[in-house]
Amino acid sequence: MAKTIAVVNQKGGVGKTTSAVNLAAALGSKGKKILLVDIDPQGNTTSGYGINKKGLDASSYDVLTGTKSAKEATVKTEFQNVWLIPSGMELAGAEIELAEMSKRESRLKNALSLINSDFDYIFLDCPPSLGLITLNGLCAAQTLLVPIQCEFYALEGLSQLISTVRTVKRLYNPYIEIEGVLLTMYDGRLNLTQQVVDEVKKAFPKKVYSTFIPRNVRLSEAPSYGQPVMYYDKSSKGTKAYDALADEFLRNNR
């Protein structure tokens, strides 16, 4: 049975998709079978794996609305041990359709339950919002991975996320826990960075990964080539950071 992890932060631009794409690739390279589910209407995870959003036979939209099974929507990527349920343009309108459906918060969970024995880990790249699609992600996941950028506004909105998780725990998914908090865009030369690190560690004791993701040009460039950073530039700082994160993730999940 796969462990399902939602990669979530309602604040945009924190390295959420970058982390989903690159952690999945790093774990795949270590022999783990990974399914990455793109439930963000922007579809950046999909294009980050070099998949054309316009030519899809099935997508996460079809899975959420029940027109296709999760198995039918799953595609094998060209990268080692990583499969993907891609996101298409139509997902942007799914919130309205889901609002009318029965068991609207657990549609993704029910769909993935039919294939989770095929994988070691399933990662859900959630939208940067706390709507019905993200709620589906939170209900389907056992744990949350929360990327937080090392900047002044990083802690804004965290209380809202924690409050939402408590509500989900109370109403829909009593077992959900925080997998880990990942500090991104790290620059150790700045005093502000260390202040943010200290504040995050206070807010999430024992949950902050010791691996920090640095600011890195190669990390920014890789998506435009449709590749995770480890395939784009094996020797880059970004590659080494996500490789270290994958090792830390696996130690925590031994």
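One structure accompanies this document, and this report is about it.

Cut-offs applied
- Residue positions are counted from 1 within each chain, in the order its sequence is given.
- In view of the model being predicted, local features appear only for residues whose pLDDT reaches at least 70, and side-chain atom pairs are presented and counted only at 80 or more, with totals across whole chains, interfaces and linings using the full set of residues.
- Calculation of side-chain values draws on the structure's entire complement of heavy atoms; hydrogens and water are dropped beforehand.
- The pairing criterion for strands is at least two bridges between them, as found by DSSP.
- Comment: elements are numbered from the N terminus, with helices defined as DSSP H or I runs of at least four residues and strands as E runs of at least two.
- Accessibility here uses a 1.4 Å probe with only protein chains present; expressed as a share of the type maximum, an area under 20% marks a residue as buried, one over 50% as exposed, and anything in between as partly exposed.
- By definition, a salt bridge exists where a carboxyl oxygen of Asp or Glu is found within 4 Å of a side-chain nitrogen of Lys or Arg.

### Overview of the sheet that holds strand 2 (residues 34-38)
One key point about sheets: their strands pair by backbone hydrogen bonds, in either a parallel or an antiparallel sense. Within the open sheet, the 7 strands sit side by side as 3-4-2-5-1-6-7. Their pairing is mixed. In this open sheet, the two edge strands, each paired with only one partner strand, are strand 3 (75-76) and strand 7 (177-184). By the bridge criterion, 4 bridges tie strand 2 to strand 4 (residues 82-85) in an arrangement that is parallel. The partner of Val37 across the bridge, within strand 4, is Ile85.

### Here we look at the pairing of strand 4
Here strand 4 shows two buried faces, one formed by Val82 and Leu84 and the other by Trp83 and Ile85. Of the strand pairs in this sheet, strand 3 and strand 4 are connected by 2 bridges, and their pairing is antiparallel. Bridge pairing in strand 4 links Val75 to Leu84. Once strand 3 ends, the chain turns through 5 residues before running back antiparallel as strand 4, passing Asn81 with a positive phi of about 60 degrees.

### So, the pattern of salt bridges
Counted according to the given criterion, the structure contains 11 salt bridges. One salt bridge in this structure joins Asp243 and Lys30, with 2.8 Å as the shortest N-O distance. With Asp243 in helix 12 (residues 237-252) and Lys30 in the loop between helix 1 (16-29) and strand 2, this residue pair connects regions lying 213 residues apart in the sequence. With a relative accessible area of 33%, Asp243 lands in the partly exposed category.

### Here's the deal with the pairing of strand 1 (residues 3-7)
Within strand 1, 4 of the 5 residues are buried, leaving the element largely enclosed by the surrounding structure. Taken together, the 5 bridges between strand 1 and strand 5 (residues 121-125) define a ladder with parallel strand orientation. Looking across to strand 5, one finds that Ile5 is bridged to Phe123. Both strand 1 and strand 6 (residues 143-149) contribute to a ladder of 3 bridges, which runs parallel. Bridging across to strand 6, Val7 finds its partner in Leu145.

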